[in-house]
Amino acid sequence: MTDRPVPQPGILEIAPYVPGRSSAPGKDRVIKLSANESPLGASPKAIEAYRAMAETLEIYPEGSSRALRAALGETNGIDPDRIVVGAGSDEVLHLLAQTYIGEGDEAVMSQYGFMVYPIVTRAAGGTPVVAAETDYRADVDALLAAVTERTKIVFLANPNNPTGSYLDAAALDRLHAGLPETVLLVIDSAYAEYVTADDYGVGISLVERSENVVMVRTFSKMGLAAARVGWLYGPGHLVDAVNRIRGPFNVSVPGQAAAEAAARDLAFTHRLREHNEKWRAWLTNQLDGNRMRVLPSQGNFILVLFPDTPGQRAADANAVLLERGLVVREMGGYGISNGLRISIGSPEAMEAVADCLKNLMERQ
């Protein structure tokens, strides 16, 4: 017996999500490269749309985000009736888990997958099952081997955070083909706007020819992290089920307006991708092979692996960067203690990071 309310089974087993650091000791101003935010800020049109809503804050949002869904349908060539919008992709992932996972069920995810997947699985009463990766890349065979009769969902971040790796369209098709029809494949394409690989498949075609696939997206990496807007595209039966538990006013009026404008501002999205591609490649070339290994990335960040050499380990590199006011993401929480994830930022920030880390590696 207990004299206080008791959480549901599994809740206290959840390791809380810890956001990336946003400050540095003794520094009043820092350059934040820890959260994979947009290197160019938000679309000016999105900012204008957000400000325009300031005079209508007393009015409830349109419950289904109808105008935003229409914009997403037009710009992506998909049916807006098969879109659900949420308060960031985190809420969308929670809704999917709550809809399809229950006590005794399992969800499969890759070894270095997004840390929210085990959280939403346990919160729904399920058990996370982790499939080993091969050289920091999701392994289709390992994922399929982890599926049992208890599996309800397979979560796949593509590209993956924090490694930056991805499965090409053929590998994605093979993964789906190996799953039972009763298992839902969740393709988390949060970084799709930054992908430049020719063989990448965002997941739309797989959704349209399947009944057990859903694609999840977000506006957070496109400059609207503060607005909290994410969305999914899935089969009609899934949309109907998720909408039954979704809060009726779950996305704010300013968030809907800003996201609609951002979705239509294709020129800004293109500029964002070009900037990221240029500086992602530049920083990779500056660091890789200089006693550091940079994993090939399709996101708006790179993962740098450091040697096990005193004075040149990941912790040493992080300390040096913090001294310069450069805040990156430590990877211990992901089980990659020798790694730092560095978001792509301004040219000046990228040059400062490269200078710090190259100088560190030149020390004897």
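To be clear, the structure that these remarks concern was listed above.
Residues numbered from 1 in each chain as written. Predicted model: local features only at pLDDT ≥ 70, side-chain atom pairs only at ≥ 80, totals over all residues. Heavy atoms only, no water.

K.L.:
Give me empty space enclosed by the protein: which residues, what numbers.
P.N.:
For the structure on display, the rule yields one cavity of 30 Å³ or more. In this structure, the largest cavity encloses a volume near 60 Å³. Lining the largest cavity are 13 residues, and of these Ala-138, Leu-156, Ala-157, Asn-160 and Ser-165 sit closest to its centre. Residue composition of the lining of the largest cavity, by class: six nonpolar, five polar and two charged. (1 Å grid on protein atoms, 1.4 Å probe; cavity = no way out; pocket = protein on both sides within 12 Å on 5 of 7 lines; lining within 4 Å. Points joined across faces, edges and corners; volume = space filled by probe spheres on them. Nonpolar A, V, L, I, M, F, W, Y, C, P; charged D, E, K, R; others polar.)

K.L.:
Before we move on, can you summarise the side chain of Arg-69 with the specific residues and values?
P.N.:
Its location among the elements puts Arg-69 in helix α2 (residues 66-76). One polar contact links the side chain of Arg-69 to the main-chain carbonyl oxygen of Pro-80, over a distance of 2.7 Å. Setting aside residues no more than four positions away along its own chain, Arg-69 makes contact with Ser-64, Pro-80, Asp-81, Ile-83 and Val-85. (Helix = DSSP H or I, 4+ residues; strand = E, 2+ residues; numbered from the N terminus. Polar contact = N/O pair within 3.5 Å; in protein donor to acceptor, adjacent residues only side chain to side chain. Contact = heavy atoms within 4.5 Å.)

K.L.:
With reference to specific residues and values, describe the pairing of strand β13 (residues 339-343).
P.N.:
The element β13 is extensively covered by neighbouring structure, given that five of its five residues are classed as buried. Residues of β13 alternate between two faces, with Gly-339, Arg-341 and Ser-343 on one and Leu-340 and Ile-342 on the opposite face, all of them buried. The pairing of strand β10 (residues 301-305) with β13 spans five bridges and is antiparallel. Counted as the bridge partner of Leu-305 is Gly-339 from β13. (Buried < 20%, exposed > 50% of the residue type's maximum accessible area, 1.4 Å probe, protein only. Pairing = 2+ DSSP bridges.)

K.L.:
Give a detailed account of the sheet that holds β10, specifying residues and quantitative values.
P.N.:
With antiparallel pairing, four strands are arranged side by side in an open sheet as β9-β10-β13-β12. The open sheet is flanked by β9 (293-294) and β12 (329-330), the only strands paired with a single partner. Where β12 lies against β13, two bridges are found, and the strand directions are antiparallel. From the neighbouring strand, Arg-329 faces β13, where its bridge partner is Arg-341. Strands in contact with helix α11 (residues 314-323) are β12 and β13; relative to β13, the strand with the most contacts, it is inclined by about 35°. (Axes fitted to C-alpha atoms, helices over the stretch in contact; angles between N-to-C directions.)

K.L.:
Please set out α11 residue by residue, giving values where relevant.
P.N.:
Among the residues of α11, Ala-314, Ala-317, Asn-318, Val-320, Leu-321 and Leu-322 are the ones counted as buried. Lining the buried residues of α11 we find β11 (326-327), β12, β13 and α12 (347-362). Backbone geometry just after α11 places Gly-325 at a positive phi near 75°.

Nothing here speaks to function; it is all geometry.
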